[in-house]
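Results of the structural survey
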Amino acid sequence: MGRWLVVAISVAACLIGGLVVIATSPPRYKGTARVVLDYIRPDPTTGAVLPSKMLDAYITSQINLIRDFQVTGPAVEAMGFVDNPDIQAAYYANPPADGRDLHSWIAAQVGAAAGGSMVEDSNILEIAYIASSPELAEAVVDALRAAYIESGAAQTRRAAEEQGQRLATRIEAAKATLAQLEDMQNRYEDETGLTISERGRDEEAAKLEDMLRVDRMPVVVKPSGPGVAGILLRQLDGEIAEASTTLGVNHPRLIGLRQRRIALQAQVEANASRASSSAQVVAQNERIAAAMVEQQMSKVLAAREPTLRLRLMQDEINRLRQDINKMTESLVASRTLSGADISTTKPIGPPVAEKTPVFPNKLLILGGSAGLGLLAGCLLAILIELMGRRIRAARDLEAATGAPVLVGLPDYRRALRKRRRGPVPAQIETTRPPTAMAAE
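What you see is a predicted model, and the numbers here were worked out from it, not measured in a lab.

A look at the overall build of the protein
Within the protein one finds 14 helices and four strands. Relative to its 440 residues, the protein shows a buried fraction of 28%. Within the protein, residue pairs in contact and separated by at least 24 positions form 76% of the contacts whose partners lie at least 6 positions apart. Carbon and sulfur atoms provide 58% of the accessible area of the protein, an area that totals close to 29100 Å².

Considering the packing of helix H1 (residues 4–24) against helix H11 (residues 362–387)
One can describe the packing of H1 onto H11 by two numbers: an axis separation of 7 Å at closest approach and a directional angle of 150°. As far as their axial angle goes, H11 and H1 are roughly antiparallel. Judged by the sense of rotation from one axis to the other, the crossing of H1 with H11 is right-handed. Looking at the contact of H1 with H11 residue by residue, the classes come out as 18 nonpolar, five polar and one charged.

Structural notes on the side chain of Ser-10
For Ser-10, the location among the structural elements is in helix H1. Overall, Ser-10 belongs to the buried group, its relative accessible area being 13%. Within the structure, Ser-10 has its side chain in polar contact with the backbone oxygen of Gly-373 (distance 2.9 Å). With residues near it in sequence (within four places) discarded, Ser-10 still touches Gly-373, Ala-376 and Gly-377.

Considerations on unusual backbone geometry
Most of the time, phi is negative for any residue but glycine, and the peptide bond is trans. Each neighbour pair has its own omega, and for Phe-359 with Pro-360 the value is 0°, a cis peptide bond. By the element assignment, Pro-360 lies in the loop between strand E4 (345–353) and H11.

Section: the confidence of the model for the protein
When the pLDDT values of the protein are averaged, the result is 79; 76% of them are 70 or greater. With pLDDT under 50 throughout, residues 215–224 is counted as low confidence; its partners more than four residues away or in other chains account for four contacts. Note on residues 424–440: pLDDT is under 50 here. Beyond four places in sequence and across chains, it has 15 contacts.

A short note on the sheet that holds strand E1 (residues 29–37)
Taken together, four strands build an open sheet; the order of strands is E2-E3-E1-E4 and the sheet is antiparallel. This sheet does not close on itself; its edge strands, each paired only once, are strand E2 (114–118) and E4. Strand-to-strand twist across the sheet, computed as the mean angle between neighbouring axes with direction ignored, equals 20°. Sheet topology note: the E2/strand E3 (residues 124–131) ladder contains five bridges and is antiparallel. Each residue of the ladder has a partner; that of Ser-117, found in E3, is Glu-126. Contacting E2 and E3, helix H5 (residues 102–113) runs over the sheet at an angle of about 40° to E2.

As for the packing of helix H6 (residues 134–192) against helix H10 (residues 304–338)
Remark: H6 packs on H10, axes separated minimally by 8 Å, with the N-to-C direction vectors making an angle of 160°. It follows from the interaxial angle that H6 and H10 lie roughly antiparallel. Pair H6 / H10 crosses with left-handed handedness. Looking at side-chain class alone, the contact of H6 with H10 contains 18 nonpolar, eleven polar and ten charged residues.

Some thoughts on the environment of Val-228
Relative to the helices and strands, Val-228 resides in helix H8 (residues 227–246). On the basis of relative accessible area, Val-228 is assigned to the exposed category, the value being 63%. Residues Val-228 and Leu-264, spaced 36 residues apart in sequence, show a C-alpha to C-alpha distance of 9.7 Å.

Let's talk about the environment of Arg-389
Tracing the chain through its elements places Arg-389 in the loop between H11 and helix H12 (394–401). Accessibility expressed as a relative area gives 58% for Arg-389, which makes it exposed. Spatially, the C-alpha atom of Arg-389 lies 9.4 Å from that of Ala-400, the residues being eleven residues apart in sequence.

Description of the packing of aromatic side chains
Applying the stated criterion to the full structure yields two aromatic pairs. Both rings, one in Tyr-91 and one in Tyr-92, keep their centres 5.0 Å apart while their planes meet at 75°; by these two values the pair is edge-to-face. Overall, the relative accessible area of 58% leaves Tyr-92 in the exposed class. A ring pair is formed by Tyr-91 and Trp-105, whose centres lie 5.5 Å apart and whose planes are at 55°; its orientation type is tilted. Of this pair, Tyr-91 sits in helix H4 (residues 85–93) while Trp-105 sits in helix H5, placing them 14 residues apart in sequence. In this structure, Tyr-91 and Trp-105 share a single accessibility class: buried. Three or more aromatic residues joined by ring pairs make a cluster, and in this case those are Tyr-91, Tyr-92 and Trp-105.

Some points on helix H3 (residues 69–79)
All buried positions along H3 are accounted for by Val-71, Thr-72, Gly-73, Ala-75 and Val-76. Contacts made by the buried residues of H3 are with helix H2 (55–66), H5 and H6. N-cap assignment for H3: the residue whose side-chain oxygen lies 3.2 Å from the backbone N of Gln-70 is Asp-68. Taken from the residues just after H3, Gly-80 is the one with a positive phi, measuring 75°.

Side note on the nonpolar core
Of all hydrophobic cores here, the largest spans 31 residues; its most connected members are Ile-106, Val-110, Leu-125, Tyr-129, Leu-144 and Tyr-148. Once you skip the residues sitting within four places of it in the chain, Leu-144 turns out to touch Val-71, Thr-72, Ala-75, Val-110, Ala-114, Ile-127 and Tyr-129. Membership of the second largest hydrophobic core comes to ten residues, among which are Leu-167, Leu-181, Ile-317 and Leu-320.

Things to note about the pattern of salt bridges
Tallying each qualifying case throughout the model produces eight salt bridges. Ionic pairing is found between Arg-3 and Glu-385, a salt bridge with its closest N-O pair at 3.0 Å. Of this pair, Arg-3 sits in the segment before H1 while Glu-385 is found in helix H11, placing the two residues 382 residues apart along the sequence. Each of the two residues, Arg-3 as well as Glu-385, counts as buried. Through salt bridges that share partners, Glu-316, Arg-319 and Asp-323 make up one connected network.

So, how was this worked out
- Residues numbered from 1 in each chain as written.
- Predicted model: local features only at pLDDT ≥ 70, side-chain atom pairs only at ≥ 80, totals over all residues.
- Heavy atoms only, no water.
- Helix = DSSP H or I, 4+ residues; strand = E, 2+ residues; numbered from the N terminus.
- Buried < 20%, exposed > 50% of the residue type's maximum accessible area, 1.4 Å probe, protein only.
- Contact = heavy atoms within 4.5 Å.
- Areas by Shrake-Rupley, 256 points an atom, 1.4 Å probe, with all protein chains shown as cover.
- Axes fitted to C-alpha atoms, helices over the stretch in contact; angles between N-to-C directions.
- Parallel < 35°, antiparallel > 145°, perpendicular 65-115°, else oblique.
- Left-handed = near helix turned anticlockwise from the far one by under 90°.
- Nonpolar A, V, L, I, M, F, W, Y, C, P; charged D, E, K, R; others polar.
- Polar contact = N/O pair within 3.5 Å; in protein donor to acceptor, adjacent residues only side chain to side chain.
- pLDDT = per-residue confidence, 0-100.
- Pairing = 2+ DSSP bridges.
- Phe/Tyr/Trp six-rings, centres within 6.5 Å; stacked < 30°, edge-to-face > 60°.
- Core = buried A, V, L, I, M, F, W, Y, C linked by side-chain atoms within 4.5 Å.
- Salt bridge = Lys/Arg side-chain N within 4 Å of Asp/Glu carboxyl O.

Structural data, given as structure tokens:
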């Protein structure tokens, strides 16, 4: 309290400074525009899904991207700031120390006034820009949003183009490897005389399977029966036996029946001979087929190692062909995506500018100035008190001199003031001894 004047002067000075800021600072208005970050769906280029652990880093990078030159640069071009004479005059009046050109300098100024934040409990990013008028803030934030969306689409196209180039290189390398394997396989087939299909099937083994399948089929030989001629022969024998009992030996009908029997007997014998020959042919064919199967089996067993090597080559060739087909499909998709206008961000709603300026905030500036003045005044008062300590009580005198206080004289000035206000007590003592008493 002894240094209250220092505190009061400090608070008053800070308040005056705040009033000067309020009076001299031009008003600033905030414009906002929103976009939807579609980070839930897989990436159109790689197909990867953003992990939840990397979500904060992704959002931070998107907010920083708003202030980057690849967003602010196209935005200032769209607004025509590069051709603005006033902005050019400000740039050439005080050129930047880092040697940036006009375009980069304007983009840096716009980026310093731009920002972004996520709407709570959503995947909506709000882009903000602070300008000297609501109309300018609304126009610039709209340009920033358009440039931000175009930047995302351009990044997707570049990623697709780079992936397409990588896939083209991998396809060429795979095709070269495939050609070497096919040439090696052809030479080995010529050396061994073996052939293997695209499915890895050995031709000699396939022949053996076909032979075994035919050999396993049962050969059905139709049993030789009497046939029609035999049946007629038995009927004719019955007629001859019946006719012999009633007719004479030289009867013409009996003679005709006997001649007819001779012809049927010859036919029955011929049929039996042909059936015996067919059975022999079937047995011979079975023996030949068994010999061929045994020969083919020996051939297959002898070629097991070369066949296995050819089959491994064919499996590798088939795998390379499948990889080439898949990479070719991905290459077509990447080239299609590199020429498309696809972005993971979509605009939502029109840009909005607040009519009330966000700066200067009078209450905030005055309240902050008063608080700052009070803090600075208290610190300054404490510092002055520590540097020049005053004696305000008997204990201060004892601490300064190291001797006990013998007597204290009354403060006649205080007594006089009290007398003017009312009756004076018989004896007035004070705990504020004068400077002379302290010297003694």
